[in-house]
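# Structural characterization, general
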Amino acid sequence: MKTFYIETFGCQMNAHDSEKVVGTLLERGYSQVDEPAGAELILYNTCSIRDKAEQKVFNRLQSFKKEAGKGKIFGVLGCVAQQEGEKIFERAPHVSLVAGSASYTRLPELLVQLESGNRRVTGLSLDTNETFDTPYTRRDNPHRAYITIIEGCDKACAYCVVPFTRGPERSRTRESVLREAESLAELGYSEIQLLGQNVNSYRDPSDAGFDFAKLLSAVGNVPGMRRVRFTTSHPRDFVKEIIDAIDEQPELCNHVHLPVQSGSTAVLERMQRQYTRDDYMRRIEWMKKANRDIAITTDIIVGFPGETEKDFEETVRLIEEVEYDAMFIFKYSKRPNTPALAYQDHIPEEEKTRRFLILQERQRAIQLRRNAKYVGTTEEVHIEGYNLATGQWIGRTSQNKTLNFTDPELPAPKDGETLVGRYAQVLVTRAGPNSLAGERAA
Ligand code: SAH
Ligand code: SF4
Ligand code: F3S
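These figures come from a predicted structure and were not determined experimentally.

## A short note on the packing of aromatic side chains
Evaluated as defined, the whole model comprises 10 aromatic pairs. Aromatic pair Tyr275 and Tyr280: ring centres 6.1 Å apart, planes at 35°, arrangement tilted. Comparing Tyr275 with Tyr280 shows no difference in burial state: the two are buried. What links up through ring pairs into an aromatic cluster is the set Tyr159, Phe304, Tyr332 and Tyr343. Looking at Lys331, its charged tip hangs above the ring of Phe356, at a distance of 5.9 Å from the centre.

Listed below in structure tokens is the structure:
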């Protein structure tokens, strides 16, 4: 039996692609191993969003240089594969397979070429209108599943590699998405996360009137589905119908991740984000006015070329105004092929770090404030695990907050009695900046 090892970097799209790649390999008779040492085929599913992410794969490959020629086959998949293409063979001559995510439908064919002894095979075409739908997905989590609804990205944010690494936008038909959701529900999955770089531009290719808000409602209506999440939303295409759907349907989780990137309209314009600060705040307003208490999270880039102190202060003001439930802050990183590379006024690294730390500190206080409001309330959690060190069950609320709790009836998982995958009502008794704690309510 042929063995393989796979390591995945990057976003949820990549994590889910790996689940599909693993399923495809298992179906072809490979078996998966946990350590590269025991594997004949070693795959890295890579990320290129920032320079540090890209370097990781080359460090990994470097550490295996000596193993080359000992019958091991190395493959590079994902965003760095697409970006660097055949240059990877020059940088790491022991690599045999280079394939980007827009070519994964060709994976079985590429594997045949490798198996028949081809030294170098590539899948690098971006000229596709296909999505990677496979019946062989091997999911890592038995209770919560990803479903890709749209691949690629047609935006052109000035800092971002994704349009170059994942190709043009391609939506799946609603029929195919709903069939997958139904079969997952039959397998016992009660939580689904719909994935896309920009889920809001979803359009059913067989019916242009069927948009993301409609798809969201339809997935929420699948029998057995208890929680539906989605990521990521681009503010420009984020319409009020999405909030209305969340308001009406309890199965749709009350959490929206809406990356703002900057609070300054001038910076947003240079980022080519296609919305102003006011456009963004209007969307926040919709969420604040909703009947449900919708958690809002975001991504921010500090130190984009030309970002002045005044621009940065506008970002600080915006986060205070919105009061996000969580935030990912990134220091701008120069990426190949992107328009921002040619911009003037790059910001020194120390200054990026200073701005990063200011935002981080402010946001910590905001989260502490936000989370404190839940003390004394009872929240439903989906139970994800048990922490032996603290003696607490790990739960997640609809708002995507971690809520750790104790259960006097079931202090630790016993054989056949684990609560993982079940739902529980939990009384919140304490709040920290990054999580809540409580005890199981009767
Ligand atoms: N499709 C998503 C973003 C995917 S990338 C969206 O449009 O929101 C995830 C995050 O990485 C982005 O939101 C952005 O904040 C960050 N990012 C992307 N390119 C970056 C770069 N060159 N430097 C720093 N952060 C970057
Ligand atoms: Fe990148 Fe912008 Fe596309 Fe998001 S919308 S993936 S940030 S280009
Ligand atoms: Fe990284 Fe590619 Fe995702 S660059 S963030 S793995 S789309």
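From this point, things continue past the structure.
## Observations concerning helix 13 (residues 349-372)
In this model, helix 13 (24 residues) spans 34 Å end to end at C-alpha, consistent with the 34 Å of a helix rising 1.5 Å per residue. For helix 13, the set of buried residues is Glu351, Lys352, Arg355, Phe356, Leu359, Gln363, Ile366, Gln367, Arg370 and Asn371. Buried residues along helix 13 sit in contact with strand 15 (295-302), helix 12 (309-322), strand 16 (326-331), strand 20 (423-431) and strand 21 (436-440).

## A short note on the packing of helix 7 (residues 174-186) against helix 8 (residues 212-220)
Interhelical geometry of helix 7 versus helix 8 gives an angle of 25° and a closest axis separation of 10 Å. Classified by the angle their axes make, helix 7 and helix 8 are roughly parallel. Handedness of the helix 7/helix 8 crossing: right-handed. Every residue of helix 8 that contacts helix 7 at Arg174, Val177, Leu178 and Ala181 is listed here: Leu215, Ala218 and Val219. Broken down by class, the residue content of the contact of helix 7 with helix 8 amounts to 6 nonpolar, no polar and 1 charged.

## Brief notes about the pattern of salt bridges
Following the criterion strictly, the structure yields 43 salt bridges and no others. Residue Arg91 pairs with Glu54 through a salt bridge whose shortest N-O separation is 3.7 Å. With Arg91 in helix 4 (residues 87-91) and Glu54 in helix 2 (residues 51-63), this pair connects stretches of sequence that are 37 residues apart. Among the residues examined, Glu54 registers a relative accessible area of 5% and is labelled buried.

## Regarding the domain arrangement of the chain
Entries for the chain in the domain assignment read domain 1 (3-123), domain 2 (144-372) and domain 3 (378-440). The distance between the C-alpha centroids of domain 2 and domain 3 comes to 27 Å. Listed per partner, the contact involves 19 residues of domain 2 and 17 residues of domain 3. Between domain 2 and domain 3 lies a buried interface of about 1500 Å² when both sides are counted; carbon and sulfur atoms form 38% of it. Contact with domain 3 buries area across many residues of domain 2, yet Arg226, Arg227 and Asn371 alone supply 38% of it, more than any other trio.

## Things to note about the sheet that holds strand 2 (residues 31-32)
Working definition: the strands of a sheet are paired by backbone hydrogen bonds and lie parallel or antiparallel to each other. Taken in spatial order, the 6 strands of this open sheet run 2-1-3-4-5-6, and their pairing is parallel. Each edge of the open sheet is held by one strand with a lone partner, namely strand 2 and strand 6 (121-123). The sheet contact formed by strand 3 (residues 41-46) and strand 4 (residues 73-77) spans 5 bridges and is parallel. By the bridge assignment, Asn45 is partnered in strand 4 with Leu77.

## Looking at helix 12
In a regular helix each residue adds 1.5 Å, so 14 residues correspond to 20 Å; helix 12 covers 20 Å between its end C-alpha atoms and thus fits that length. Taken together, the buried positions of helix 12 are occupied by Asp311, Phe312, Glu314, Thr315, Val316, Leu318, Ile319 and Val322. Against helix 10 (265-270), helix 11 (277-289), strand 15, strand 16 and helix 13 lie the buried residues of helix 12. Glu323 lies just past helix 12 and shows a positive phi near 60°.

## Some thoughts on the site of ligand 2
What surrounds ligand 2 is the set Cys153, Lys155, Cys157, Tyr159, Cys160, Val162, Pro163, Gln197, His234 and Arg273. When its residues are assigned to classes, the shell around ligand 2 shows 6 nonpolar, 2 polar and 2 charged.

## What about the nonpolar core?
In this structure, Ile149 and Leu194 are the most contacted members of the largest nonpolar core, which totals 68 residues. Beyond its immediate chain neighbours, meaning those up to four positions away, Leu194 contacts Ile147, Ile149, Val199, Phe212, Leu216, Val219, Val228, Arg229, Phe230 and Thr231. Core analysis: the next-biggest nonpolar cluster, separate from the first, contains 20 residues, Tyr5, Phe9, Tyr44 and Phe74 among them.

## Digging into the site of ligand 1
Neighbouring ligand 1 are 15 residues, the closest being Tyr159, Gln197, Gln261, Asp299 and Ser333. Between ligand 1 and Tyr159, the relevant distance is 3.0 Å, taken from a nitrogen atom to a main-chain nitrogen or oxygen of the residue. Taking Asp299, its side chain carries an N or O atom lying 2.6 Å from an oxygen atom of ligand 1. Notes on ligand 1: free accessible area 540 Å², of which the protein chains cover 90%. Secondary-structure elements contributing two or more residues to the shell around ligand 1 are strand 15 and strand 16. A class-by-class count of the residues in the shell around ligand 1 yields 6 nonpolar, 4 polar and 5 charged.

What counts, and where the lines are drawn
Residues numbered from 1 in each chain as written. Chains lettered and ligands numbered in written order. Predicted model: local features only at pLDDT ≥ 70, side-chain atom pairs only at ≥ 80, totals over all residues. Heavy atoms only, no water. Phe/Tyr/Trp six-rings, centres within 6.5 Å; stacked < 30°, edge-to-face > 60°. Buried < 20%, exposed > 50% of the residue type's maximum accessible area, 1.4 Å probe, protein only. Lys NZ or Arg CZ within 6 Å of the ring centre and 35° of its normal. Helix = DSSP H or I, 4+ residues; strand = E, 2+ residues; numbered from the N terminus. Expected span 1.5 Å × (residues − 1). Contact = heavy atoms within 4.5 Å. Axes fitted to C-alpha atoms, helices over the stretch in contact; angles between N-to-C directions. Parallel < 35°, antiparallel > 145°, perpendicular 65-115°, else oblique. Left-handed = near helix turned anticlockwise from the far one by under 90°. Nonpolar A, V, L, I, M, F, W, Y, C, P; charged D, E, K, R; others polar. Salt bridge = Lys/Arg side-chain N within 4 Å of Asp/Glu carboxyl O. Domains from an automatic or database assignment. Buried area = accessible area lost by both parts, 1.4 Å probe. Pairing = 2+ DSSP bridges. Near = heavy atom within 4 Å. Core = buried A, V, L, I, M, F, W, Y, C linked by side-chain atoms within 4.5 Å. Polar contact = N/O pair within 3.5 Å; in protein donor to acceptor, adjacent residues only side chain to side chain. Areas by Shrake-Rupley, 256 points an atom, 1.4 Å probe, with all protein chains shown as cover.

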